[in-house]
Amino acid sequence: IKIFVSQGIGLEWLTFNLHKDGPLQDLNVRKATMHGIDRDRIVNMAYLGYADKADGFIYPESPDYNPNLPQYNYDPDLANKILDDAGYVDTDGDGIRNDPEGGSLSFELAVPSDWTQEVKASTLIKEQLKNIGIEIIIRVMDTATFFNYIYAPNEDIYDIGFNSEEPGPYADWMWEFCRSWKVGSWNTAYYNNPEFDEILEKAVPERDTTKYREYLYEMQMMIAEDLPYGFLQRLPIINAVRTDKFEGWVETMGGISTWINPWTYFKVHLK
């Protein structure tokens, strides 16, 4: 048996529902939430070290990756300061901060039941955010219900969703998660930004690679600054293969067998 540990194509992030009235509409709350999450601890405990921190839809090794994105590293002191300065204080002494209207910084986090690592990660997020006065109520549901729930937020009003996708090396399709929301869209955050839409419309048909990259840099920066999605980690692919009878496995980004790598099936053969 040979083990391949390959660069992954799967990304995971938190979706903030910007349609629902409440504190999550406030960018300060979203920034503080991300600074309150210890992603290194999550990687080590929920993923046994097999993950890398992520900050966007484009992989860092891609020439299209913007290296100047704001980083929401774990900094509970900064998270507390952001919330203090924005007027979120614990007015009733229950350990949960309150907004100026008297509501609590208490949010449901939706996650599929069979995403076992993500359920563990959600538990850690709950523990960590409690330290900055944010309450997380984990809502675990079967996967089919989760996807119906997360893609129809106008019907099922959730607060935060645990999302995962595989952008692949050419991630142009992922920007549909950011195009201003309309019925049937992939935009699970209800993010609406006409300026972003305008740049995306220019980028889609652009064939000049330099200009296209400029558009991608702008879009990455907008999403990182507006924070409809809080990026968490990128997962590697671990494959175990038989070496006594077969050879010819082809390893690429995503391992030896993914939707972007058919080459193993053309090349693998009996010894």
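For the structure, check the block above.
These figures come from a predicted structure and were not determined experimentally. (Residues numbered from 1 in each chain as written. Predicted model: local features only at pLDDT ≥ 70, side-chain atom pairs only at ≥ 80, totals over all residues. Heavy atoms only, no water.)

Here's the deal with the packing of aromatic side chains
Working definition: an aromatic ring pair is given by the centre-to-centre distance plus the angle between the planes. Per the counting criterion, the structure on display carries 21 aromatic pairs. Through successive ring pairs, a cluster of aromatic residues spans W13, F57, W173, W175, F177, W186, Y191, F196, Y229 and F231. Between R234 and the ring centre of Y59, over which it is positioned, the NZ or CZ distance is 4.1 Å. (Phe/Tyr/Trp six-rings, centres within 6.5 Å; stacked < 30°, edge-to-face > 60°. Lys NZ or Arg CZ within 6 Å of the ring centre and 35° of its normal.)

A word on helix α2 (residues 39-46)
Burial in α2 covers these residues: R39, I42, V43 and A46. Each buried residue of α2 sits inside an arc of 105° when the element is viewed along its axis, so together they form one side. Buried residues along α2 sit in contact with β2 (52-53), α4 (116-130) and β6 (229-241). Put simply, D38 is the residue that caps the front of α2, since its side-chain oxygen is 3.3 Å from the backbone nitrogen of D40. Backbone geometry just downstream of α2 places L48 in the positive-phi region, at approximately 55°. (Buried < 20%, exposed > 50% of the residue type's maximum accessible area, 1.4 Å probe, protein only. Helix = DSSP H or I, 4+ residues; strand = E, 2+ residues; numbered from the N terminus. Arc of directions from axis to C-beta. Contact = heavy atoms within 4.5 Å. Polar contact = N/O pair within 3.5 Å; in protein donor to acceptor, adjacent residues only side chain to side chain.)

A look at the nonpolar core
One broad rule of soluble globular proteins: the nonpolar side chains tend to lie buried together. With 65 residues, the main nonpolar core has L14, F57, F162, W175, C178, F196 and Y229 as its most contacted residues. Examining the composition of this core, we find that eight residues originate from one element, helix α7 (residues 209-226), more than from any other. Those residues in contact with L14 that sit more than four places away from it in its chain are M34, I37, L109, I125, I160, G161, F162, P228, Y229, G230 and L232. With seven residues, the next largest nonpolar core counts A110, W115, I150 and Y158 among its residues. (Core = buried A, V, L, I, M, F, W, Y, C linked by side-chain atoms within 4.5 Å.)

Remember that the coordinates give geometry; whether it matters functionally is a separate question.
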